[in-house]
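# Architecture and fold: a report
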Amino acid sequence: MTKPFAIGGSILRVDLTQSTVTIEPTAPLNERFPAGMGVNNWLLLDGTPVGKEPLDPENPLIFTTGTLVGTPTPTACRMTISCKNVMTGGFGSASAGGNFGPELKYAGFDHIVVTGRAQRPVFIDIVDGDVSIVDAADLWGETTWEAEKRLRAKIDRPTLELLSIGPAGENVAASACIMVNRTRAAARCGVGAVMGSKNLKAIAVSGSGALEVADPQGFMDACLDVQRHLMGNETRKNLRKFGTPSSFGGWNDKGSIPVRNFQETQIDAEAANAITTAVKEKRYIEKAFGCFSCPVLCSQFQRVKEGPYAGTRGEKIESQNYWDFGGKLGISDPAAVLALSELCARLGLDNTNATNPIAWAFECFQRGLLSADDADGLNLEWGDVDVVLELLRKIAYREGIGDLLADGSFAAAKKLGRGSERFAIHMKGQDLAEEMRVFKGWALAIAVAERGGTHTQGGPLTERMDLEPELSMERFGIPTAFDSTNYEHKADLVVYYQRFHNLLEITGICFYATYWSGLHTIGPEDVARLYGLATGDKKTAAELMMEGEKVLYLQKAFNMRHTTFDRASDYPPERMMSEPATGPHAGERLDRADWDRLLDQYYDLRGWDRASGKPTAENFRAVGLPELA
Amino acid sequence: MPTIETRNDRCAACNLCVLACSFHHEKAFGRRGASIDIVKNEREGEVEIVILDDPQTGRRACDGCVNEEAALCVTWCPVGALLAREN
Ligand code: SF4
Ligand code: SF4
Ligand code: SF4
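What counts and what doesn't
- Residues numbered from 1 in each chain as written.
- Chains lettered and ligands numbered in written order.
- Predicted model: local features only at pLDDT ≥ 70, side-chain atom pairs only at ≥ 80, totals over all residues.
- Heavy atoms only, no water.
- Pairing = 2+ DSSP bridges.
- Helix = DSSP H or I, 4+ residues; strand = E, 2+ residues; numbered from the N terminus.
- Axes fitted to C-alpha atoms, helices over the stretch in contact; angles between N-to-C directions.
- Contact = heavy atoms within 4.5 Å.
- Near = heavy atom within 4 Å.
- Nonpolar A, V, L, I, M, F, W, Y, C, P; charged D, E, K, R; others polar.
- Domains from an automatic or database assignment.
- Buried area = accessible area lost by both parts, 1.4 Å probe.
- Salt bridge = Lys/Arg side-chain N within 4 Å of Asp/Glu carboxyl O.
- Polar contact = N/O pair within 3.5 Å; in protein donor to acceptor, adjacent residues only side chain to side chain.
- Buried < 20%, exposed > 50% of the residue type's maximum accessible area, 1.4 Å probe, protein only.
- Parallel < 35°, antiparallel > 145°, perpendicular 65-115°, else oblique.
- Left-handed = near helix turned anticlockwise from the far one by under 90°.
- Phe/Tyr/Trp six-rings, centres within 6.5 Å; stacked < 30°, edge-to-face > 60°.
- Lys NZ or Arg CZ within 6 Å of the ring centre and 35° of its normal.
- Expected span 1.5 Å × (residues − 1).

Next up on the list: the sheet that holds strand 13 (residues 285-289) of chain A. Residues and elements named next belong to chain A. With antiparallel pairing, the three strands of this open sheet are ordered in space as 13-14-15. Of all strands in the sheet, those bounded by a partner on one side alone are strand 13 and strand 15 (313-315). Here the average twist between neighbouring strands, direction ignored, is 15°. Of the strand pairs in this sheet, strand 14 (residues 299-303) and strand 15 are connected by three bridges, and their pairing is antiparallel.

Among the structural elements, Ser175 of chain A can be located in the loop between helix 5 (167-170) and strand 10 (178-180). With residues up to four places along the chain from it excluded, the contact list for Ser175 of chain A reads Gly348, Leu349, Asp350, Asn353, Ala354, Ile395 and Ala406 of chain A.

A word on the site of ligand 3. The immediate surroundings of ligand 3 are formed by 13 residues, with Cys11, Cys14, Asn15, Cys17 and Cys77 of chain B found nearest. Broken down by class, the residue content of the shell around ligand 3 amounts to twelve nonpolar, one polar and no charged.

What follows deals with the sheet that holds strand 3 (residues 61-65) of chain A. Residue and element names in this part refer to chain A. If you trace the six strands from one edge of the open sheet to the other, you get 2-1-6-3-4-5, paired in mixed fashion. With partners counted over all chains shown, the strands left at the sheet margins are strand 2 (20-25) and strand 5 (91-96), one partner each. The average undirected angle you get between the axes of adjacent strands in this sheet is 15°. Both strand 3 and strand 6 (residues 109-115) contribute to a ladder of four bridges, which runs antiparallel. Bridge assignment links Leu61 to a residue of strand 6, and that residue is Val114. Running over the sheet, helix 2 (residues 37-47) touches strand 1 (10-15), strand 3, strand 4 (79-84), strand 5 and strand 6 and is turned about 20° from strand 4.

What follows concerns the domain arrangement of chain A. Residues and elements named next belong to chain A. According to the domain assignment, chain A contains domain 1 (2-211), domain 2 (244-431) and domain 3 (440-628). A C-alpha centroid distance of 27 Å is found between domain 2 and domain 3. Together domain 2 and domain 3 conceal approximately 2000 Å² of surface at their shared face, both sides included; 59% is due to carbon and sulfur atoms. If you sort the residues of domain 2 by the area they bury against domain 3, Lys254, Met427 and Lys428 come out on top, with a joint share of 37%. The interface formed by domain 2 and domain 3 holds three salt bridges in total. Salt-bridge contacts for Lys428 lead to Asp570; the nearest nitrogen and oxygen are separated by 2.9 Å. The tally of links between domain 2 and domain 3 comes to eleven residue pairs in polar contact (both at pLDDT 80 or more).

Turning next to the interface of chain A and chain B. The interface of chain A with chain B comprises 48 residues on the first partner and 31 residues on the second. Between chain A and chain B lies a buried interface of about 3200 Å² when both sides are counted; carbon and sulfur atoms form 56% of it. Per-residue buried area on chain A facing chain B is highest for Met220, Lys287 and Phe289 of chain A; these three make up 17% of the total on that side. At the junction of chain A with chain B, the criterion picks out five salt bridges. Put simply, Glu103 of chain A and Arg31 of chain B hold a salt bridge, and the shortest N to O gap is 2.6 Å.

Looking now at the site of ligand 1. Surveying the vicinity of ligand 1 reveals the residues Thr75, Cys77, Arg78, Gly290, Cys291, Cys294, Val296, Cys298, Lys316, Cys510 and Tyr512 of chain A. Residue assignment places the shell around ligand 1 across two domains, with domain 1 (2-211) and domain 2 (244-431) of chain A each supplying three or more.

This part covers the pattern of salt bridges. Under the criterion given, the structure shown has 59 salt bridges over all chains. Taking the shortest distance from any N to any O, the salt bridge between Arg150 of chain A and Glu142 of chain A comes out at 2.7 Å. Notably, a salt bridge pairs Lys316 of chain A with Glu318 of chain A, separated by 2.7 Å at the nearest N-O pair. With relative accessibility at 18%, the residue Glu318 of chain A sits in the buried group. Salt bridges sharing partners connect three or more residues here, namely Glu103, Glu148, Arg152 and Glu161 of chain A together with Arg31 of chain B.

Okay, the packing of helix 2 of chain A against helix 21 (residues 541-562) of chain A next. Residue and element names in this part refer to chain A. Viewed as axis vectors pointing N to C, helix 2 and helix 21 meet at an angle of 15°, and their least axial separation amounts to 9 Å. With respect to their mutual orientation, helix 2 and helix 21 come out roughly parallel. By crossing handedness, the relation of helix 2 to helix 21 is classed as left-handed. The segment helix 2 lies against helix 21, with Met37, Gly38, Asn41, Trp42, Leu44 and Leu45 engaging Val551, Leu554, Gln555, Ala557, Phe558 and Arg561. By residue class, the composition of the contact of helix 2 with helix 21 is eight nonpolar, three polar and one charged.

All right, on to the packing of aromatic side chains then. Residues and elements named next belong to chain A. Tallying each qualifying case throughout the model produces 23 aromatic pairs over all chains. Taken together, a centroid distance of 5.1 Å and an interplanar angle of 80° make the contact between Trp251 and Trp323 edge-to-face. Of the two residues, Trp251 is situated in helix 9 (residues 248-253) and Trp323 in helix 11 (residues 319-328); the sequence distance between them amounts to 72 residues. A residue is classified by how much of its surface remains accessible, and Trp323, at 4% relative accessible area, is buried. Between Tyr602 and Trp608 the ring centres are 5.9 Å apart and the planes differ by 85°, which places this aromatic pair in the edge-to-face class. Per residue, the accessibility class of Tyr602 equals that of Trp608, and both read buried. Aromatic rings pair up to connect Phe476, Tyr496, Tyr497, Phe500 and Tyr515 into one cluster. In this arrangement the basic side chain of Arg32 is found over the ring face of Trp42, its NZ or CZ atom lying 5.2 Å from the centre. Over the aromatic face of Trp145 sits the side chain of Arg182, whose NZ or CZ is 4.8 Å from the ring centroid.

Residues and elements named next belong to chain A. With 13 residues, helix 14 (residues 385-397) extends 19 Å from end C-alpha to end C-alpha; this agrees with the ideal 18 Å at 1.5 Å per step. Every buried residue belonging to helix 14 is among Val385, Val387, Val388, Leu391, Leu392, Lys394, Ile395 and Ala396, and all of these are buried. Elements in contact with the buried residues of helix 14: helix 5, helix 11, helix 12 (334-347), helix 13 (351-366) and helix 15 (401-405). Two residues or fewer past helix 14, Arg398 is found with a positive phi of approximately 50°.

Moving on, we get to the packing of helix 13 of chain A against helix 14 of chain A. Residue and element names in this part refer to chain A. Following both chains from N to C, one finds helix 13 and helix 14 inclined at 120°, their axes separated by 11 Å at the closest point. When the axis of helix 13 is compared with that of helix 14, the two are oblique. Taken as a pair, helix 13 and helix 14 cross one another with a handedness that is right-handed. Together, Ala354, Ile358 and Phe362 of helix 13 and Val387, Val388, Leu391, Leu392 and Ile395 of helix 14 make up the contact between the two elements. Residues belonging to the contact of helix 13 with helix 14 are distributed by class as follows: eight nonpolar, no polar and no charged.

What follows is the structure in structure tokens.
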């Protein structure tokens, strides 16, 4: 049988307990489920035993590349890593760009399913179809950067891509991420902890193969066309110049960033100015880089040359880094934010999930619920960079108070008690990344996200765009897509973006090149065109959006099987409902009655049961997943 | 046949030229089938564009895209890091 177009062709299964490797074709599952993310989610659902803790060795950790990854589709480089979520017990996933995904496909694989636990630390080495489990005792305890450096020194092959965990993953901190190419973090849901629980330090891959597509010339022409269209766009130009931090000022101006553990929603003008000036001046930026096959190039290499953080360097600082350190923890020195981000990358910490419990501890300290004695002698004062540096290290090594904070704010507050539970800001148990009070569609997507509190599963950015209602009607069939504080029709908008985001995860196209972050970019029609030319599967844009819908049902099925999530789990943290925003939308909050109605509308759109927030057996059949009914 | 001049200082390590080149040679997409290697040092933010022109290495040598309208890698590079120079 010849290999289907565009895909790697095989699924690699590695059982670390038995030390066995098996390889099977991807095609049969691609016929049953949406390729890429859909098959990933099925493998997770099918392979995760009921009733086991997230870190149980039997659970799978699944690495997946998008269907268009490895081709010149602009920005199609992404991989998704899924597991049972360490923080929620439900569906968990994380996404990363870089070069690993394409290389894995050139080696012939679409997915890697890792189960079991090695007796000693190991890494998996993939050289095309030749896969070995190799001792990594000498790498254990090392940072992600050191591990990567040593592996590169040891392995001599023409092309080599790596991903690894740091001390945080080894010590199974729930905030541990997986570092891809040392600069791209697959963050959230504790994916790094799951990898650590398997005694798996790293994966190395070298692929000598090539991907064929259905219509080579037509596909090339279409890719170049999309690339040129993308690069003519002003927002994309800003991404290339400044990276995603170019949007930080805008978020703060709208009063919509998390400040001091979500007590406020806007940082003061002086602090904001310190950050936005450095961004605008490109003070630390040396050069723009791109992930594999990306013409947008939002990944700036930055270097701090003087001052207390001189020597700091690295790539891929996001607006989120400024929310996490600048907003949540009150650190306004941009060089310090870079230094803290570098430390997270080295330790293998996801900055969002690591900073939330720190912000919680700071607020507890502010309110007298935690003392310096409880915190290994540290004074937990807002904005103290040295304390945050120390706490990040303590989390990664589970030292002292770091052991409490390493499981996230929800678990830490449960352990501490003293009324601190009110200050653990989370969704479904996972620390919250974003402010929710102002943008209503944004808030809905975050609250209902199957992964637990994330804007990357349907969070519309349109509410930040100052555009005309007519355009909203034309593009989305509703008048309010650009109307930030309006609840009306936001359920429709969220359903649209949930499908679209899942479609992007199916293909591996980066969100920053799409309709998500600007309307003159890659939309569903473009995806359908590229997908058809590459795979030969001529689905329409609408049909592909319904593939995205199926992915959501697979995740829902996982949560129905493994958690008690219900309607109550889809309500925002109490703080978002009772304490109003600050800044230009002062007084704005999420109103309970409005939220009740919004949830009803959201469930109604899919015909789900309003009381439980769950789909019916009929819903699963209707969407084309009868096996889950 | 044109030769390809490289400007490492501009290169963003996106590998689009590599994909274009593998398409030129094989009508398929991969790294080993291309006559270009992009070698990135992530620690220092540096990158080197290597054009392979020696068939002895077992890799395909650059043929200057003789049968194409223009050198594909040059057309595809989003930052102008590659130039075709007629000899
Ligand atoms: S836009 Fe940025 S994150 Fe997305 S693929 Fe390009 S460089 Fe990577
Ligand atoms: S000129 Fe053609 S053959 Fe030579 S490196 Fe560029 S794409 Fe490859
Ligand atoms: S296409 Fe240009 S920027 Fe991208 S890797 Fe090649 S030379 Fe560098």
